[in-house]
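Observations on the three-dimensional arrangement
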Amino acid sequence: MLRFVNSRIPTDLSIQVQDITFTVHKYPLVSKCSYIGRLELQPSISNLGYQLKLENFPGGPEAFEIILKFCYGLTLDLNPSNIAPLRCASEFLEMSEELDDGNLISKTEAFLTFVVLSSWKDTITVLKSCETLSPWAENLQIVRRCCDSIAWKASRDNSTIGDMVNDEGCWFDDVASLRIDHFMRIITAIRARGTKPAIIGKCIMQYAERWLPGMDVDLEGPRGYGYGKNKLQFSILIGRNEDEGIEHSQEQKSIIESLVSILPPQPGAVPCKFLLKMLKMAMVYSASQALISELEKRVGMMLENANVNDLLIPNYKSEDQGKFVNSLEQRTKHDIEVIQRIVEYFLMHEQELQQLPQTTGKSSVSKLLDSYLTEVAKDPNLSITKFQVLAEALPEKARTCDDGLYGAIDTYLKAHPLLSEHDRKRLCRIMNCKKLSLDACSHAAQNDRLPLRTVIQVLFCEQIKIRAAMQGKEPVASGNSSEQEITQTSTKTEITTLRAELENVKTQMTELQRDYFELQHEYGKKNNKHMNRSPWNFGWTKIRTSALFHRKSEGNLSGHVHKIPNSLGHKMNFRRRLSMS
């Protein structure tokens, strides 16, 4: 494409910038541009003068056309949109004061210093225009000066920055519109000026929501994590990645790594929810393992502020660029290992803070973990080993009540009805029956999914709690008053019946012993005369002293004793039917 300068004097120089060729006069350019004057110009093929091709010219044809107007003495229109390209282009052409007073370098530099940098909006505009001017804008310190000016203006108003954001929305929005390297330089400069970490954190959060597709996708609650919905919703994240290609994926990865590197170290600078979102995005875009570990540590330090929905991280491999795992070994809906590492980091952080007062994070985290276990237990592909390891990640003393853990175990048993008796016993050993509330004990006593041994332990603990509640040693668990009265009445009846049966057994045992000695005495009288001569003497003595005889007697006695558990079981069944009704 050709562009001509209208003049009576014939042109003698053609200059090509990218795909546009300018046909101009040599003298006006040489008088302003030392770079063109120093070149050995080649004659044109068309014998119309000389030709020149400017490679990698900053600002492109648009900037060169404005420079041509300046060289021909036309009016120069400087504004924030073209000042950076013109400053770089004038440096490229060496348009200094040594060649001509008031040359373009001095004009653009003055406009940049005294006009642009004094205005917030103009500085943002110039910084955006510098994104296509590397490395000239960097070498001429345009980027540095713009970043320092923005940081100074932002930190100057940091006491009222909240009002600025709420009323005008200028600070966060403008800074978040910049390229990631310029954004990082501004945040670094703002932090060096002592800006509050919470303000920096809010700015980073807004930048992430703008530049990372999927940060604004909120998965719909814990029960929205079925196979179909989970895969559908996360296809929103990974679909953009697949459509826009590897270059876009690398750009997203670079943004994630950069944002994590400038996060304020203070735990309260950004919420735990944002950290978990960043962790998910880092896994989607295959960020480095060191960065993922850093995010896991940060989440572990704030785990008590998380919720179940945020912890439900879909299971996919980083090397698959966010694609879900297809192997049978790891086809669980959620990534359990990530949460396990987060819990470990949380325990390490708690151990560091154990010397400080009011470190009560374990109690809330135990409830959070139990709720998480309840959700992931619904996955039919979740192995019992993974469930057990995560359930035992917290120390036993961290749980003051095991009701939540019991609920998770019961949910797992529902989702895995084919578990063997051994696995069910193994699963129930995680739970401490003594830490169950009275309501949980009542539910567990009627739960057919639990092993018989666990049910017996629950029944025993339930009786202890009821007895303690009746004696006023501990309050009865909240519930329907009529159900409590029925339970207490039934318990009193069982205790009275058991005591009566025990006394009856003792009486029968005493009568048997008395009958035995009387029979022995009478038999001895009748055979007293023939005892010494009778060959049965030795045999009767042997039988009398035999342990077999005593064992038979004891067996008869134990037969009566065994009636107690049967009676107890009958009453327990009666009480279960009554509670269920």
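Below you will find a few notes about this structure. In this text the structure is predicted, and so the values were computed from the model without any measurement. (Residues numbered from 1 in each chain as written. Predicted model: local features only at pLDDT ≥ 70, side-chain atom pairs only at ≥ 80, totals over all residues. Heavy atoms only, no water.)

Thoughts on the overall build of the protein
Tallying secondary structure elements over the protein gives 27 helices and five strands in all. Residue burial in the protein is summarised as follows: out of 581 residues, 43% are buried. The long-range fraction of contacts in the protein, counting pairs at least 24 apart against all pairs at least 6 apart in sequence, stands at 70%. A total of about 31,900 Å² of accessible surface is found on the protein, and carbon and sulfur atoms cover 53% of it. (Helix = DSSP H or I, 4+ residues; strand = E, 2+ residues; numbered from the N terminus. Buried < 20%, exposed > 50% of the residue type's maximum accessible area, 1.4 Å probe, protein only. Contact = heavy atoms within 4.5 Å. Areas by Shrake-Rupley, 256 points an atom, 1.4 Å probe, with all protein chains shown as cover.)

Notes on unusual backbone geometry
Omega for the peptide link from serine 134 to proline 135 comes to 5°, which places this bond in the cis form. You can see proline 135 is positioned in the loop between helix H6 (120-129) and helix H7 (136-139). In the Ramachandran plot, asparagine 56 falls in the positive-phi region, its phi being about 55° despite a non-glycine side chain. Among the secondary structure elements, asparagine 56 is positioned in the loop between strand S5 (50-54) and helix H3 (60-71). Of note in the backbone geometry, glutamate 94 takes a positive phi value of approximately 60° without being a glycine. One can find glutamate 94 in the loop between helix H4 (83-93) and helix H5 (104-116). Among the residues examined, glutamate 94 registers a relative accessible area of 29% and is labelled partly exposed.

Observations regarding the packing of aromatic side chains
Across all of its chains, the model carries nine aromatic pairs by this definition. With 5.2 Å between their ring centres and 50° between their planes, tyrosine 35 and phenylalanine 92 make a pair best called tilted. Of this pair, tyrosine 35 sits in helix H2 (residues 34-38) while phenylalanine 92 is found in helix H4, placing the two residues 57 residues apart along the sequence. Both rings, one in phenylalanine 57 and one in phenylalanine 92, keep their centres 5.2 Å apart while their planes meet at 80°; by these two values the pair is edge-to-face. Residue phenylalanine 57 is located in the loop between S5 and H3, and its partner phenylalanine 92 is located in helix H4; the two are separated by 35 residues in the primary sequence. The exposure classification of phenylalanine 57 matches that of phenylalanine 92, with both residues buried. Through a chain of ring-to-ring contacts, three or more aromatic side chains come together here, namely Phe22, Tyr35, Phe57, Phe64, Phe92 and Trp136. (Phe/Tyr/Trp six-rings, centres within 6.5 Å; stacked < 30°, edge-to-face > 60°.)

Some details on the packing of helix H17 (residues 336-352) against helix H19 (residues 384-391)
The description of two helices packed together rests on the angle between their axes and the distance between the axes. Their axes nearest at 10 Å, the elements H17 and H19 cross at an angle of 20°. In terms of their interaxial angle, H17 and H19 are classed as roughly parallel. Two packed elements cross with a definite hand, and for H17 against H19 that hand is left-handed. Contacts from Ile336, Glu337, Ile339 and Gln340 in H17 reach Lys386, Val389 and Leu390 in H19. Taken together, the residues of the contact of H17 with H19 break down into four nonpolar, one polar and two charged. (Axes fitted to C-alpha atoms, helices over the stretch in contact; angles between N-to-C directions. Parallel < 35°, antiparallel > 145°, perpendicular 65-115°, else oblique. Left-handed = near helix turned anticlockwise from the far one by under 90°. Nonpolar A, V, L, I, M, F, W, Y, C, P; charged D, E, K, R; others polar.)

Looking at helix H11 (residues 180-192)
Taking 1.5 Å per residue, 13 residues should reach 18 Å; H11 reaches 18 Å between its end C-alpha atoms and fits that length. What H11 keeps buried is the set Ile180, His182, Phe183, Ile186, Ile187, Ala189 and Ile190. A positive backbone phi angle near 85° is found at glycine 194, which sits one or two residues after H11. (Expected span 1.5 Å × (residues − 1).)

Section: the environment of alanine 84
Checked against the element boundaries, alanine 84 lands in helix H4. Taking the relative accessible area as the measure of exposure, alanine 84 reaches 0% and is therefore buried. Sequence separation between alanine 84 and valine 126 is 42 residues, and the spatial gap between their C-alpha atoms is 6.2 Å. Excluding its chain neighbours within four sequence positions, the residues that come into contact with alanine 84 are Val126, Ser129, Cys130, Leu133 and Ile142.

Some words on empty space enclosed by the protein
For the structure shown, the criterion picks out three cavities of 30 Å³ or more. Considered as a void within the structure, the second largest cavity measures approximately 60 Å³ in volume. Around the second largest cavity sit Pro265, Gln266, Pro267, Val270, Leu275, Arg298, Met301 and Met302, which together line it. For the lining of the second largest cavity, the class distribution of residues is six nonpolar, one polar and one charged. (1 Å grid on protein atoms, 1.4 Å probe; cavity = no way out; pocket = protein on both sides within 12 Å on 5 of 7 lines; lining within 4 Å. Points joined across faces, edges and corners; volume = space filled by probe spheres on them.)

With respect to the pattern of salt bridges
Pairing between side chains becomes possible if they bear opposite charge and their charged atoms approach one another. For the structure on display, the rule yields 19 salt bridges. Of the charged contacts, one joins arginine 87 and glutamate 91 as a salt bridge, the two residues approaching to 2.8 Å between their closest N and O atoms. Taken together, the residues arginine 87 and glutamate 91, both in helix H4 and four residues apart, mark about one turn of the helix. Among the residues examined, arginine 87 registers a relative accessible area of 8% and is labelled buried. For glutamate 91, a relative accessible area of 28% puts it in the partly exposed group. (Salt bridge = Lys/Arg side-chain N within 4 Å of Asp/Glu carboxyl O.)

Quick word on a negative patch on the surface
On the surface, Glu511, Asp515, Glu518 and Glu522 cluster together into a negatively charged patch. For glutamate 522, the position within the fold is in helix H24 (residues 481-526). (Patch = residues over 30% accessible without salt bridge, like charges linked within 9 Å, V, L, I, M, F, W, Y side chains within 5 Å. Lys, Arg positive; Asp, Glu negative; His and termini not counted. Charge placed at Lys NZ, Arg CZ, Asp CG, Glu CD.)

Examining the environment of glycine 268
In this structure, glycine 268 sits in the loop between helix H13 (227-261) and helix H14 (272-284). With 70 residues separating them along the chain, glycine 268 and alanine 198 place their C-alpha atoms 7.2 Å apart.

Regarding the environment of glutamate 209
With respect to the element layout, glutamate 209 can be found in helix H12 (residues 197-211). Sequence separation between glutamate 209 and alanine 176 is 33 residues, and the spatial gap between their C-alpha atoms is 9.3 Å.

A few points about the packing of H14 against helix H15 (residues 289-301)
At a minimum axis separation of 9 Å, H14 and H15 run at an interaxial angle of 160°. Between H14 and H15, the interaxial angle falls into the category roughly antiparallel. Relative to H15, H14 is oriented so that their crossing is left-handed. Residues Cys272, Leu275, Leu276, Met278, Leu279, Ala282 and Met283 of H14 form the contact with H15, whose participating residues are Leu291, Ile292, Leu295, Glu296, Arg298 and Val299. A breakdown of the residues in the contact of H14 with H15 according to their chemical character gives 11 nonpolar, no polar and two charged.

A few points about the pairing of strand S3 (residues 20-24)
Among the five residues of S3, five are classified as buried, and the element is accordingly described as predominantly covered. Neither face of S3 is open: one carries Ile20, Phe22 and Val24, the other Thr21 and Thr23, and all of them are buried. Turn length for the strand S2 (residues 13-17)-S3 hairpin, with the two strands adjacent in sequence and antiparallel, is two residues, and the turn residue glutamine 18 shows positive phi of about 60°. (Pairing = 2+ DSSP bridges.)

Concerning helix H8 (residues 142-156)
Taking 1.5 Å of rise per residue, the 15 residues of H8 would be expected to cover 21 Å, and the 21 Å separating its terminal C-alpha atoms lies within 8% of that figure. Of all 15 residues in H8, 11 are buried, a share of seventy percent or more. Buried within H8 are the following residues: Ile142, Val143, Arg145, Cys146, Cys147, Ser149, Ile150, Ala151, Lys153, Ala154 and Ser155.

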